[in-house]
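# Secondary and tertiary structure notes
This is what each chain is made of:
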Amino acid sequence: MERGHIFNPSYVLVTTPSLLFDMTVKPLEGMAEDSVLFVNSPREVSIEQLKKIRVIYGDLTGLALKYVGKDILSAAMGAVACKLSGLISLQSTLGAVEEELAELGLETDIIEKNVQLAKECYLSTESVGLRGLNHKPLHKVVEVRYLGEKGIPDLLSVGNTALRKTGSWRVFKPIVDKNLCTACSICYIYCPEACISLDERGYPVINYDHCKGCLVCTTECPRNAIRVERETAWS
Amino acid sequence: MSIIKYKTLKDVPKEEFLVPGTPLCAGCGALLVMRLFHKALGGDVVWVNAAGCVTLMATFPYTPLKSSWFYIAMPSAPAGAQGIRDALDILIKKGKLDPTENLKVVVVTGDGAASDIGLQATSGAIHRDLDFFYLCVDNEAYGNTGFQASSSSPMGSGTATTKPTHLYPAGNVLPKKDLFEIWRSHRPPYVATISPSHVIDMLRKVEKSLSFKGPKLFLALSPCPTGWGAETSESVKLAKLAVETGIWPLKEAVYGEVTHTYIPSKRKPVEDYLKVQRRFAHLFKPVKNESIIAEIQKQVDEYWSKVEH
Amino acid sequence: MVLKMLTGSQAVAWAARLARVDYIPAYPITPQTEIIEILSEWVRKGEMDAMFVQMESEHSLLTAAGTAAATGARVFTATSSQGLLYGFEMLYNIAGWRAPLVLVNVARALAAPITLEPDHNDVLAARDSGFLQFHTENVQEALDLVLLAYRVAEDHRVLLPTIVNIDGFHLSYTRESVDLPEQSVVDEFLPEYKSVNPIRASAPVAKGTPVLIPPLYSFFKYQMHMASRNALNVFMDAAKEFERLFSRTYAPVEEYMLDDADTVIVMSNSFTSIGKQAVNAMREEGHKVGLLKIRLFRPFPTDDIIKSLRGKRCVVVIDQNISVGKGGITCPEIAEALYHLEDRPKVILPVIAGLGGKSISLEEFKHAVRVANRLASLRAGPDGPLLLFREDEAVLVESLLKLASGGQ
């Protein structure tokens, strides 16, 4: 029985591939060679540590958009989690999805779409059985050093959230059509994230490292000069 | 000071004081408000924050702000501002701090802190004529904790603790606390409502407030796609609708004297605003609740009937 | 040497003035009010170059005090009891911000039932917050320990806020003869406050940000703990300097007739004075009794307590506080310090006395000492704290209860 941090997981499921690269999240920590990683992605992701672990990919975002029309993944991920170990039946899985979503007060047709989504995800994921149970990672206990003034929680590196590439959140990507754009600067003004800057001639430049894909710019553009495409880089 | 500094969108200052990469929701209205507000304030600012969504913008070891930031606690951001303002003043007065080190002290909180748990500290700070700014980013609920009702939640809205049921068909039955009036009753130098959709109005108000010493208080409608149940892309559009339906009046009060800075010539029906948010969906489905929608419309109409043109 | 008759409140106000504090946020609560009244008057008359602000609650008071200290001002404030508890979360915040300031707590028992009389439940409730805690026996100590508190709190090896506790009424409103230090000598003892990462335009900083990564939170708390432990050495260094300049000695604990004592009474704060009188009386009757006064409560002076109490036959810990359902707060801390010693005392007797300002008579001290010694002879331990109460008090209580119930 586990509580809190799971030191040696059998399965790790990752909804957003960019989390694999995040310094504080470290989802692969403690994974043994025979444990399984599931990544929500239409294609393989290249990362050094993945080479030793069994990795399964699935485009859950694509399936969610297809069945439900939104990138809401809980039913999909739940179904994958149930199937991987082979311990939970399809019937139980779908029953759980229906019950959970009914409790949220969602409309019947939405629930049904989620159930269909869960079913597809369950059936298209392979079952790999219980894995990675014998792995015991080595931890060493050390003494904590007193750092004096350096041990005070003051944050001196201001403006450093740029290090976090929130562009990886994006499911949809706004793209400016320079032919239609009149450099009115409205998209620049209304971007909540300050992800649009203006070049020397006043035309918008989108910072794709950080753009979350909220698409306020698309809605506000008076010329419909911003089109939307499914993000392919990470999801 | 010159409030004609901001005339068209071309006058929006280009310098950014917020760096992207915050963990706030995509389409966050509060973030847009802060970004624009900061442009009019300039750089030498210390933001003083009470618990809310905005708290999460700076989590160790990351901060998006190029300016200073101090997270206090939930009830007492204005008291925190008092300590900072007073310390800066006394240190400068005693010659222990160079006057160039001075900062504008700006409290930023959500509506939960502003109209509930922090009301006492706010009243105290305003009463003492503290020289500070207060920006309340109002998304009409306790957003950070999962969108529970606050005293700023409008009548008829659904929240996690005011779910519409057969016993409570309206969802939230209590009225939205009039924080503008509460602040105004203290007769501070400057109080204003702002909206991220009406940028020039916002910038002008900030610029005007700079000429006053004492409390300068701003109530900003902050559309919340996550809590309001709207598309992230609609945040600015919703803010615009709130203004155009008359639900969110744009006004200011100088030492208590009110002026409306924008009066919609023909107000859109409130229904246009309500029907595109899932927090009001129960007023339309499964059956349209004409009486509650009419009540909301009536209150808006009554408000504007009292506004002199 | 200038001797003045000062109340505890006047003494700590003088200490704040001599320390040249910059900022005094205030909110009135009995029995602290005289402190803020005096400071307010001095500031208004221009006798103190400081800013005095009356806040609208103690929660706001503590908040303003903390942020002002984090901005680089030397801050003094005072509260008590219900006020301390009202702003309780801020104590942990200020310590976590590592913002040094001095808070005088005028000890007063906690509601309910509400009272104005002193005991130590209020100040001891703050023991986990990260604030250092100095407890004072008399008015001279009250003044001196405020000065020492600034010196220790602001030291860059510590950087933790400090509470100086003075008993309500017994010290705050009682006049005693006090040697009032000279400003020039205090200036030599107390250098100007040099804050770490203060808020200013040229060096933007984000303070108080959430730490959502568990090992990082643990790390910062460990740092605070180590800083507090450091404060013991910093205090002793500062006390040496204090002795040189003011000819008064302060250590984390104070021993009274301990050398050949086989029973030691452990106490703190103003009632220690009557404890010492009780020791004198028992000595005259031939009992080898001594007294250990705890002056520093946080950081806890483990080594000093071990040194003073090891090898003693009986220890009687008088707690003027109670953790309801367990007993006194300081006794378990002392017992833990002594546990691993081969020559630990045979009996550690927890005693509850003085709650809500209840007096402690000579007979009650004697009774506690007798009980402890009897247990030692029987090679037994106590089966719970000794709740001190007198017959005359029992009679009084009975009559009052009768009145309240309408004679039923």
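Residues numbered from 1 in each chain as written. Chains lettered and ligands numbered in written order. Predicted model: local features only at pLDDT ≥ 70, side-chain atom pairs only at ≥ 80, totals over all residues.

## Some remarks on the overall build of chain A
Broken down by element type, chain A carries six helices and seven strands. Across chain A, helices and strands are ordered from the amino to the carboxyl terminus as β-β-β-α-α-α-α-β-α-β-β-α-β. The C-alpha atoms of chain A give a radius of gyration of 22 Å, which is well past the 18 Å a tight globule of 235 residues would have. Seen along its three principal axes, the alpha-carbon backbone of chain A occupies a region of about 60 × 60 × 35 Å. Counting all 235 residues of chain A, 31% fall into the buried class. Contacts spanning at least 24 positions in sequence make up 62% of the contacts within chain A whose residues lie at least 6 apart. (Helix = DSSP H or I, 4+ residues; strand = E, 2+ residues; numbered from the N terminus. Rg over C-alpha atoms; globule rule 2.2 N^0.38 Å. Buried ≥ 20, exposed ≤ 12 C-beta atoms within 10 Å, placed from the backbone. Contact = placed C-beta atoms within 7 Å.)

## Here we look at the nonpolar core
Grouped together as the largest cluster of nonpolar side chains are 243 residues, with contacts concentrated most on Val146(C) and Val316(C). It is helix α7 (residues 139-154) of chain C that provides the largest number of residues to this core, a total of 11 residues. In this structure Val146(C) touches Val12(C), Ala15(C), Ala16(C), Ala19(C), Val102(C), Val104(C) and Val164(C), once residues within four positions along its chain are discounted. With 23 residues, the next largest nonpolar core counts Tyr11(A), Ala75(A), Ala76(A) and Val80(A) among its residues. (Core = buried A, V, L, I, M, F, W, Y, C linked by C-beta atoms within 7 Å.)

## Side note on the sheet that holds strand β15 (residues 347-352) of chain C
Residues and elements named next belong to chain C. Spatially, six strands are ordered β10-β12-β11-β14-β15-β16 in an open sheet, and the strand pairing comes out mixed. Both edges of this open sheet fall to β10 (253-256) and β16 (386-387), since each of them pairs with a single strand only. Relative to strand β12 (residues 289-294), β10 runs antiparallel, the two being bridged by four bridges. Its bridge partner being in β12, Glu-255 is matched across the sheet by Leu-292. In the packing of helix α12 (residues 330-338) onto the sheet, contacts are made with β11 (263-268), β12, β14 (314-319) and β15, and the angle to β14 comes to roughly 150 degrees. Its contacts with the sheet put helix α13 (residues 362-377) on β11, β12, β14, β15 and β16, and the angle it makes with β15 is roughly 150 degrees. (Pairing = 2+ DSSP bridges. Axes fitted to C-alpha atoms, helices over the stretch in contact; angles between N-to-C directions.)

## A short note on helix α5 (residues 88-97) of chain C
Residue and element names in this part refer to chain C. Most of α5 sits inside the fold, with seven of its 10 residues counted as buried. Listing the buried residues of α5 in full gives Met-90, Leu-91, Asn-93, Ile-94, Ala-95, Gly-96 and Trp-97. Positive backbone phi, at 60 degrees, marks Arg-98, one or two positions downstream of α5.

## Digging into the sheet that holds strand β4 (residues 76-79) of chain C
Residue and element names in this part refer to chain C. Here five strands make up an open sheet; going across it, the order is β4-β5-β7-β6-β13 and the pairing mixed. Either end of the sheet is taken by a strand with one partner, and the two such strands are β4 and β13 (296-298). With direction set aside, neighbouring strand axes in the sheet form an average angle of 25 degrees. Pairing analysis gives four bridges linking strand β6 (residues 132-135) to strand β7 (residues 162-167), with the strands arranged parallel. Bridge assignment links Phe-134 to a residue of β7, and that residue is Val-164. Against the sheet, α7 touches β5 (102-107), β6 and β7, its axis set at about 170 degrees to β7.

## As for the interface of chain B and chain C
Contact with chain B, which involves 40 residues of that partner, is made by 38 residues of chain C. Taken together, the elements giving at least two residues each to the side of chain B that touches chain C come down to β2 (68-71), α2 (77-93) and α4 (119-127) of chain B. Considering every element that reaches the side of chain B that touches chain C, the biggest residue donor is α2(B), with 11 residues. Here two bridges tie β2(B) to strand β9 (residues 206-207) of chain C, and the two strands are oriented parallel to one another. Across the sheet, Trp69(B) pairs through a bridge with Ala206(C), a residue of β9(C).

## Comments concerning the environment of Gln299(B)
Residues and elements named next belong to chain B. Relative to the helices and strands, Gln-299 is located in helix α10 (residues 290-305). The exposure class of Gln-299 is partly exposed, given the 16 C-beta atoms found within 10 Å. Spatially, the C-alpha atoms of Gln-299 and Pro-269 are 12 Å apart, while their sequence positions differ by 30 residues.

## Quick word on the environment of Val104(C)
Residue and element names in this part refer to chain C. Tracing the backbone through its elements, the reader meets Val-104 in strand β5. For Val-104, a count of 30 C-beta atoms within 10 Å translates into the label buried. Sequence separation between Val-104 and Gln-54 is 50 residues, and the spatial gap between their C-alpha atoms is 16 Å. Not counting residues up to four positions away in its chain, the partners in contact with Val-104 are Val-12, Ile-35, Ala-78, Val-146, Val-164 and Ile-166.

## As for unusual backbone geometry
Residues and elements named next belong to chain C. Geometrically, the link from Thr-30 to Pro-31 is a cis peptide bond, its omega value of 5 degrees lying close to zero. Ala-112 follows Ala-111 through a cis peptide bond whose omega is -5 degrees. Mapped onto the secondary structure, Ala-112 falls in the loop between β5 and α6 (121-125). At Asn-197, a position not held by glycine, the phi torsion is positive, near 50 degrees. Its place among the elements puts Asn-197 in the loop between α8 (183-189) and β9. In this structure, Ser-247 takes a positive phi of about 60 degrees despite not being glycine. As for its position among the elements, Ser-247 is in the loop between α9 (214-246) and β10. Assessed through the 9 C-beta atoms surrounding it within 10 Å, Ser-247 is described here as exposed.

## Side note on the confidence of the model for chain B
Across chain B, the average pLDDT comes to 96, with 98% of residues at or above 70. For this predicted complex, the interface confidence score (ipTM) comes to 0.96, while the overall pTM stands at 0.95. (pLDDT = per-residue confidence, 0-100.)

## Notes on the interface of chain A and chain B
The partner chain B presents 30 residues to the 29 residues of chain A that form the contact. Within the residue set of the side of chain A that touches chain B, elements represented by two or more residues are α5 (186-190) and α6 (216-220) of chain A. Counting residues per element, the side of chain A that touches chain B draws most heavily on α6(A), which supplies four residues. Looking at the side of chain A that touches chain B residue by residue, the class counts come to 15 nonpolar, 10 polar and four charged. (Nonpolar A, V, L, I, M, F, W, Y, C, P; charged D, E, K, R; others polar.)

## Digging into the pairing of β12(C)
Residues and elements named next belong to chain C. Counting buried positions along β12 yields six of six residues, so the element is predominantly enclosed. In terms of strand pairing, β11 meets β12 through six bridges, oriented parallel. Bridging across to β12, Ser-268 finds its partner in Ile-294.

## Quick notes on the packing of helix α2 (residues 74-85) of chain A against helix α4 (residues 108-124) of chain A
All names here are of chain A. Where α2 contacts α4, the two axes come as close as 8 Å, and the packing angle between them is 35 degrees. Here α2 and α4 pass one another in a crossing that is right-handed. Seen from α2, the contacting residues are Ala-75, Ala-76, Gly-78, Ala-79, Val-80, Cys-82 and Lys-83; seen from α4, they are Asn-114, Leu-117, Ala-118, Cys-121 and Tyr-122. Across the contact of α2 with α4, the residue classes tally to nine nonpolar, two polar and one charged. (Left-handed = near helix turned anticlockwise from the far one by under 90°.)

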